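# Understanding the architecture of this molecule
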Amino acid sequence: MAIAGSILILSLALLSCVADGALRRHIGLSHRRGLIDGGGAEVTVFDVTQHGAKADDQTNNAEAFIQTWRAACDSGVPAKLVIPVGTFLTGPVVFQGPCKSTEPIVFEVQGNVKATSDLSEYSSGQWILFEMIDGLTLNGGGAFDGQGVAVWKYNDCHQNKQCQPLPSSIKLSKVKNCDIHGISSFDSKYFHMHVTDCSNIWVHDVNLTAPANSPNTDGIHISNSDSVNVTSSQIGTGDDCISIGQGSTNILVSQVFCGPGHGISVGSLGKYNNEEDVNGILVTNCTLLNTTNGLRIKTYAASQPSQALNITFKDITMDSVKNPIIIDQKYGSRESEPSRVKISNVHYQNIKGTSTSDVAVSFLCSSLVPCEGVELVDIDLAYIGLKNMTLSSSCLNAKVTSGGTQNPACS
């Protein structure tokens, strides 16, 4: 009886294993590996090639990517979606939550994800969209190729105020608790990354590049988001390395190398009605090289009322930067009606390096709501431009206090 009982137990165990394996194959979980996440849970791997994706640089893999995502997101287990080594072409894709697991879902890009260049495929403003996800890790050492070179010629936003923007490469919308690191993005059609309506986002150790003359290729644009941290990254583009738009609160930018590009900007603000305030911005320990602006706050003239306050730029190195420190409240226009965006409590501390423009500090604040609480401490800039000029400043409609080295002094 003991032997018979043992055989019965063994048979039941084998049947259980067979059934479990069949179930896993049925729902796409056959590639389970003994991976352990930070919380000690085993992670199930979902490889896009197991759902039909082909790394042939020709097949549009959008459908295969979406099928893999749905299998991972709906599995209810700690999951990792993997795009392996190779070049995977894809049109626009939406990776939508919420996902069923209580653990963050991992999106690991090991290879090269390449955008299609036919703009008729893009009905919305992005190529890769992550939305409504609580808990996301995007990593893997791979790259996103936006194929912007093929379409930048169609960008007429510099002369057409009613232009249709080209699609951004990676967009996060309504995402919480996200960690993005160890990836690259190059030649985006528009923004490399757009973070909007998000909270608790960490972007670090990323490389975002596009030529200096590529239009509107902002590195990271942030709007209507709270607690976004961008650190330890290299960004060189044809527009702002980082732009912090309306409704952004508690934003940290640290140890970012910016250049080429238009610098690190708060704004532009005031273009639309009912914009939310910008509050609590810290930009620190960054280096800017050969950028057309340095640390910039920009608002439109004739704007609706809003505020930009509690902004600190500290420990910044400028290397051959034009317009190192600038507040421009007539951005994009020289209309007579002043901006109604109120700028206050702005601190510039320990800003050093070289300027290619003879006006190194330029505050063109609103005559209707002058800038208040602007502080300059230890500003040490040297002019290296081609003209035989003396470094100077221009500070209009700004209430400024200063301390320590002032080169140039605000006047």
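See the structure shown above.
Presented here is an overview of the structure given in this document. What you are looking at is a predicted structure, and each value in this text was computed from that prediction instead of being measured. (Residues numbered from 1 in each chain as written. Predicted model: local features only at pLDDT ≥ 70, side-chain atom pairs only at ≥ 80, totals over all residues. Heavy atoms only, no water.)

Our next topic: the overall build of the protein. Tallying secondary structure elements over the protein gives two helices and 28 strands in all. Structurally, the protein occupies a C-alpha span of about 100 × 45 × 40 Å along its principal axes. Across the 411 residues in the protein, those meeting the buried criterion constitute 51%. Considering only residue pairs separated by 6 or more positions, the protein has 76% of its internal contacts joining residues 24 or more positions apart. Surface accessibility of the protein: about 17,800 Å² in total, with carbon and sulfur atoms responsible for 50%. (Helix = DSSP H or I, 4+ residues; strand = E, 2+ residues; numbered from the N terminus. Buried < 20%, exposed > 50% of the residue type's maximum accessible area, 1.4 Å probe, protein only. Contact = heavy atoms within 4.5 Å. Areas by Shrake-Rupley, 256 points an atom, 1.4 Å probe, with all protein chains shown as cover.)

To continue, consider the layout of surface pockets. There is about 1,500 Å³ of room inside the largest pocket. In terms of lining residues, the largest pocket is bounded by 45 residues, among which Tyr 190, Ser 268, Lys 271, Tyr 272 and Tyr 300 are the most central. For the lining of the largest pocket, the elements supplying multiple residues, two or more each, are strand S10 (168-181), strand S15 (220-223), strand S19 (264-269) and strand S21 (295-300). Considering every element that reaches the lining of the largest pocket, the biggest residue donor is S21, with three residues. (1 Å grid on protein atoms, 1.4 Å probe; cavity = no way out; pocket = protein on both sides within 12 Å on 5 of 7 lines; lining within 4 Å. Points joined across faces, edges and corners; volume = space filled by probe spheres on them.)

Take the pairing of S15 next. Judged by which residues are buried, S15 turns out to be covered on both faces: Ile 220 and Ile 222 on one side and His 221 and Ser 223 on the other are all buried. Examined bridge by bridge, strand S12 (residues 193-196) and S15 share four bridges and lie parallel to one another. From the neighbouring strand, Thr 196 faces S15, where its bridge partner is Ser 223. Across three bridges, S15 lies against strand S17 (residues 242-244) in parallel orientation. Following the sheet pairing, His 221 is matched in S17 by Ser 243. (Pairing = 2+ DSSP bridges.)

Before going further, it helps to spend a moment on helix H2 (residues 62-73). An ideal rise of 1.5 Å per residue puts 16 Å on 12 residues; H2 measures up with 16 Å between its terminal C-alpha atoms. The set of residues buried in H2 consists of Ala 62, Ala 64, Phe 65, Thr 68, Trp 69, Ala 71, Ala 72 and Cys 73. (Expected span 1.5 Å × (residues − 1).)

Moving on, we come to the state of the cysteines. Counted by the stated rule, this structure contains five disulfides. Note on cysteine connectivity: Cys 395 is disulfide-linked to Cys 410, with sulfurs 1.6 Å apart. Judged by the torsion about the S-S bond (-130°), the Cys 395/Cys 410 disulfide is left-handed. Of the two residues, Cys 395 sits in strand S27 (residues 392-396) while Cys 410 sits in the segment after strand S28 (398-407), which places them 15 residues apart along the sequence. Look at Cys 395 and you get buried, because its relative accessible area is 14%. Residue classification places Cys 410 among the partly exposed residues on the basis of a relative accessible area of 26%. Cysteine pairing for the protein, with bonded cysteines counted in sequence order: 1-2, 3-4, 5-6, 7-8, 9-10. Cys 198 supplies the cysteine sulfur nearest to Cys 178, a cysteine that is in no disulfide, at a spacing of 7.6 Å. Accessibility expressed as a relative area gives 3% for Cys 178, which makes it buried. (Disulfide = S-S within 2.5 Å.)

Moving on, we come to the nonpolar core. Counting residues in each nonpolar core, the largest one holds 89 residues, and the members touching the most others are Phe 107, Phe 130, Tyr 348 and Phe 363. The element contributing the most residues to this core is H2, with seven residues. With near-sequence residues (within four places) excluded, Tyr 348 lies in contact with Leu 295, Ile 297, Phe 313, Ile 325, Ile 326, Ile 327, Phe 363, Val 374, Glu 375, Leu 376, Val 377 and Ile 379. (Core = buried A, V, L, I, M, F, W, Y, C linked by side-chain atoms within 4.5 Å.)

A cis amide bond links Gly 97 to the next residue, Pro 98, at an omega of 0°. Omega for the bond connecting Gly 259 with Pro 260 falls within 30 degrees of zero, at 0°, which places this linkage in the cis form. Relative to the assigned elements, Pro 260 resides in the loop between strand S18 (249-258) and S19. The phi angle at Gln 147 is positive, at roughly 55°, despite the residue not being glycine. When its relative accessible area of 22% is taken as the criterion, Gln 147 is described as partly exposed. Despite not being glycine, Asn 200 shows a phi value in the positive range, around 55°. Considering the arrangement of structural elements, one finds Asn 200 in strand S13 (residues 199-204). Look at Asn 200 and you get partly exposed, because its relative accessible area is 36%.

Applying the stated criterion to the full structure yields seven salt bridges. The residue Asp 57 makes a salt bridge to Lys 114 at a minimum N-O spacing of 3.3 Å. Of the two residues, Asp 57 sits in the loop between strand S2 (42-47) and H2 while Lys 114 sits in strand S7 (residues 112-115), which places them 57 residues apart along the sequence. Under the relative-accessibility criterion, Asp 57 is labelled partly exposed at 34%. A relative accessible area of 17% means that Lys 114 is categorised as buried. Of the charged contacts, one joins Arg 296 and Asp 240 as a salt bridge, the two residues approaching to 3.0 Å between their closest N and O atoms. Here the residue Arg 296 occupies a position in strand S21, and Asp 240 occupies one in the loop between strand S16 (226-236) and S17, the gap between them amounting to 56 residues. (Salt bridge = Lys/Arg side-chain N within 4 Å of Asp/Glu carboxyl O.)

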